[in-house]
Amino acid sequence: MTGGFDGPRALADRGAAFAEFWRERQLCSLTTVRPGGGVHVVAVGATLDLTTATARVITSGRSRKARIIAAGPAAGTVVALCQIDGRRWSTLEGLAVVRDDPDRVADAERRYARRYREPRANPLRVVLEIQVTRVLGSV
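Reference entry: report on the structure contained in this document. (Residues numbered from 1 in each chain as written. Predicted model: local features only at pLDDT ≥ 70, side-chain atom pairs only at ≥ 80, totals over all residues. Heavy atoms only, no water.)

## Regarding the sheet that holds strand E4 (residues 54-60)
Judged by pairing direction, the sheet is antiparallel, and its seven strands sit side by side in the order E2-E1-E5-E6-E7-E4-E3 without closing on themselves. Two strands lie at the open edges of the sheet, namely strand E2 (39-44) and strand E3 (47-49), each paired on one side alone. Along the sheet, successive strands turn relative to each other by an average axial angle of 30°, direction set aside. When strand E6 (residues 88-99) meets strand E7 (residues 125-137), the two strands line up antiparallel, connected through ten bridges. Paired with Ser90 across the two strands is Gly137, which belongs to E7. Sheet strands touched by helix H4 (residues 102-115): strand E1 (28-33), E3, E4, strand E5 (77-85), E6 and E7. Its angle to E7, the strand with the most contacts, is close to 60°. (Pairing = 2+ DSSP bridges. Helix = DSSP H or I, 4+ residues; strand = E, 2+ residues; numbered from the N terminus. Axes fitted to C-alpha atoms, helices over the stretch in contact; angles between N-to-C directions. Contact = heavy atoms within 4.5 Å.)

## Focus: H4
What sets the pattern is the α-helix's 3.6 residues per turn: residues three or four places apart point alike. For H4, built from 14 residues, the straight-helix expectation of 20 Å at 1.5 Å per residue is met to within 8% by its first-to-last C-alpha distance of 20 Å. All of the buried residues along H4 are Val105, Ala108, Tyr112 and Arg115. Buried residues in H4, looked at end-on, bunch into an arc of 85°, giving them a common side. Of the exposed residues in H4, the ones pointing more than 90 degrees away from its buried face are Pro102, Asp103 and Arg114. (Expected span 1.5 Å × (residues − 1). Buried < 20%, exposed > 50% of the residue type's maximum accessible area, 1.4 Å probe, protein only. Arc of directions from axis to C-beta.)

## Some thoughts on the pairing of E4
Within E4, seven of the seven residues are buried, which leaves the element mostly enclosed by the surrounding structure. By the alternation rule, side chains of E4 split into Thr54, Arg56, Ile58 and Ser60 and Ala55, Val57 and Thr59, which are all buried. With seven bridges connecting them, E4 and E7 associate as antiparallel partners. Across the sheet, the residue bridging to Thr59 is Val126, located in E7.

In structure tokens:
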């Protein structure tokens, strides 16, 4: 199923298979656009909060993805977060911002640990918070 997105309720309304797909231990790709127009695609671990339609990626504040997003508009930088498992796939498009608030980073680390594993220590860690604006996919 592909289609647009009409608010946080729409994520929850996508059903149990969608929710389970975003809880499985799968790697994702995060796509950002470099200032010169080229794309920057990297493998990431991501979590999705269905109730707030917020995806989160933890990373170093010095990473290229964090720097691209931080240099974007205050309202957020357009990104795409994609997860693929065989014929099942889902892409979340949205606006990403960089957060370095210790409470937000700790919350994102806990979410990451539940889905993947305990993240290694990183004093430069930030969280990329993506407000989902559109969902595409087969799940």
